[in-house]
Amino acid sequence: MKKTFGIIGSGNIGQTVAHHLLKAGFSVVLSNSHGPESMKGIIKSLGAGAKAGSVEDAAKADIVLLSLPWSEVSSLSGVTDWSNKIVIDATNHFITYSPDFQVADLKGKSSSQVVAEHLPGARIVKAFNTLYFKILAEDPKQGGGRRVLFISGDDTSSETEVSDVIKELGFAVIDLGDLAHGSKLQQAKGSVATLNLIQL
Ligand SMILES: NC(=O)c1ccc[n+]([C@@H]2O[C@H](COP(=O)([O-])OP(=O)(O)OC[C@H]3O[C@@H](n4cnc5c(N)ncnc54)[C@H](OP(=O)(O)O)[C@@H]3O)[C@@H](O)[C@H]2O)c1
C-alpha cells in the first residue's frame, strides 16, 4: 500500500504538493492551525485520497511535509515524537514579504538545521522549497525532459525515499548534499533558489 503524507500548512505549497502526490496515488492528510472543519473546500477540490486532520494527525503520517510559515515552525516541537520521522522541509525562512523579502538571521546555520532543532530526531530532507508554487504546480514533464527539484539532507535512507517519491511524481532530482551545506544553496536567497531547470 502506498504511503500517506501528512501536510502541515495547507496553503499554496501544501495544496500544490498534495495535488502531485494524489495524482501519483499517494494519500494525504492536510492540516492547518484552524482545524479540519476549515479545510472542507480544499479537501473537496483535491478529491479522492485527501483528508483533513489536526496538525497532530498530519504529524503521525508516514512522511510529513512542512509547508507552513517560517514563524510557525517552532510551534511543531511538541506535537508528536519526531524521532526517525521523515520530514520534508519546504519552508523558506522569510520574516517579511512586503515591502521587501527579508530572511531570519540564522547565525550561520542553514534554515533546515534550525528546523531540525525544533523537531528533535526527525530525519529532515529539504525539498519543494525552491520554485514558486505556480511553477511547481505545472506538469513536471516539459519539452521532452523533467523539471528539476533539489533535495538535501543528512540521512541517506530518507533522502533516497524522498527522492524516489519525487521521481515518481515526474520530476528529476538533484541532490545538493547535507543540511549544513547543500540546503544553504537551496534555501531562500541561496544559489539555486527560484532556479527552474529542465533535465533533458
Ligand atoms: N508560495 C510559494 O510559492 C512558496 C514556494 C516555496 C516555498 N514556500 C514556503 O512554503 C511555506 C508555505 O508558503 P505558502 O505560500 O504555501 O503559504 P500560505 O499559502 O500562506 O499557506 C500557509 C499554510 O500554513 C498554515 N498554517 C499557519 N500557521 C500554522 C500552524 N501553526 N500550524 C499549521 N499550519 C499553519 C496556514 O493555515 P492557517 O492560517 O489556517 O493555519 C496555511 O494553510 C512558507 O514557509 C514559504 O516560505 C512558498
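Placed above this text is the structure.
To start, this report covers the structure provided alongside it. (Residues numbered from 1 in each chain as written. Predicted model: local features only at pLDDT ≥ 70, side-chain atom pairs only at ≥ 80, totals over all residues. Heavy atoms only, no water.)

**So, the overall build of the protein**
Across its full length, the protein holds seven helices and 12 strands. A globule of 200 residues ought to have a C-alpha radius of gyration of about 16 Å, and the protein, at 16 Å, matches this closely. By principal-axis analysis of the C-alpha atoms, the protein measures approximately 45 × 40 × 40 Å. Every one of the 200 residues in the protein was classed for burial, and the buried ones make up 50%. (Helix = DSSP H or I, 4+ residues; strand = E, 2+ residues; numbered from the N terminus. Rg over C-alpha atoms; globule rule 2.2 N^0.38 Å. Buried < 20%, exposed > 50% of the residue type's maximum accessible area, 1.4 Å probe, protein only.)

**Examining the site of the ligand**
The full set close to the ligand counts 24 residues, and Ser10, Ile13, Ser33, His34 and Phe133 are the nearest of them. Separating an oxygen atom of the ligand from a backbone N or O atom of Leu68 is a distance of 2.9 Å. In isolation the ligand offers 890 Å² of accessible surface; the protein chains occlude 79% of this area. Of the residues belonging to the shell around the ligand, the class tally is 11 nonpolar, 12 polar and one charged. (Near = heavy atom within 4 Å. Polar contact = N/O pair within 3.5 Å; in protein donor to acceptor, adjacent residues only side chain to side chain. Areas by Shrake-Rupley, 256 points an atom, 1.4 Å probe, with all protein chains shown as cover. Nonpolar A, V, L, I, M, F, W, Y, C, P; charged D, E, K, R; others polar.)

**A closer look at the packing of aromatic side chains**
All told, the structure shown has five aromatic pairs when counted by the stated rule. Ring centres 5.0 Å apart and planes at 65 degrees place the aromatic pair Tyr132 and Phe133 in the edge-to-face group. Among the residues examined, Tyr132 registers a relative accessible area of 48% and is labelled partly exposed. Through a chain of ring-to-ring contacts, the aromatic side chains of Phe94, Tyr97 and Phe101 assemble into a single cluster. (Phe/Tyr/Trp six-rings, centres within 6.5 Å; stacked < 30°, edge-to-face > 60°.)

**Notes on helix H4 (residues 111-118)**
Turning to H4, its buried residues are Ser111, Ser112, Val114 and Val115. All buried residues of H4 lie within an arc of 155 degrees about the axis, which places them on one face of the element. Elements in contact with the buried residues of H4: strand E4 (63-66), strand E5 (86-89), strand E8 (123-126) and helix H7 (182-186). (Arc of directions from axis to C-beta. Contact = heavy atoms within 4.5 Å.)

**A closer look at helix H1 (residues 12-23)**
Along its 12 residues, H1 runs 17 Å from first to last C-alpha, staying within 8% of the 16 Å computed at 1.5 Å per residue. Regarding H1, the residues found buried are Ile13, Gly14, Thr16, Val17, Ala18, His20, Leu21 and Leu22. Residue Gly25 follows H1 closely and has a positive phi angle near 95 degrees. (Expected span 1.5 Å × (residues − 1).)

**A short note on the pairing of E8**
With four bridges connecting them, E5 and E8 associate as parallel partners. Across the sheet, residue Ile88 finds its bridge partner in E8, namely Val125. As defined by bridge partners, E8 adjoins strand E10 (residues 145-153) across two bridges and the pair is classed as antiparallel. Opposite Val125, over in E10, you have Gly153 as the bridge partner. (Pairing = 2+ DSSP bridges.)

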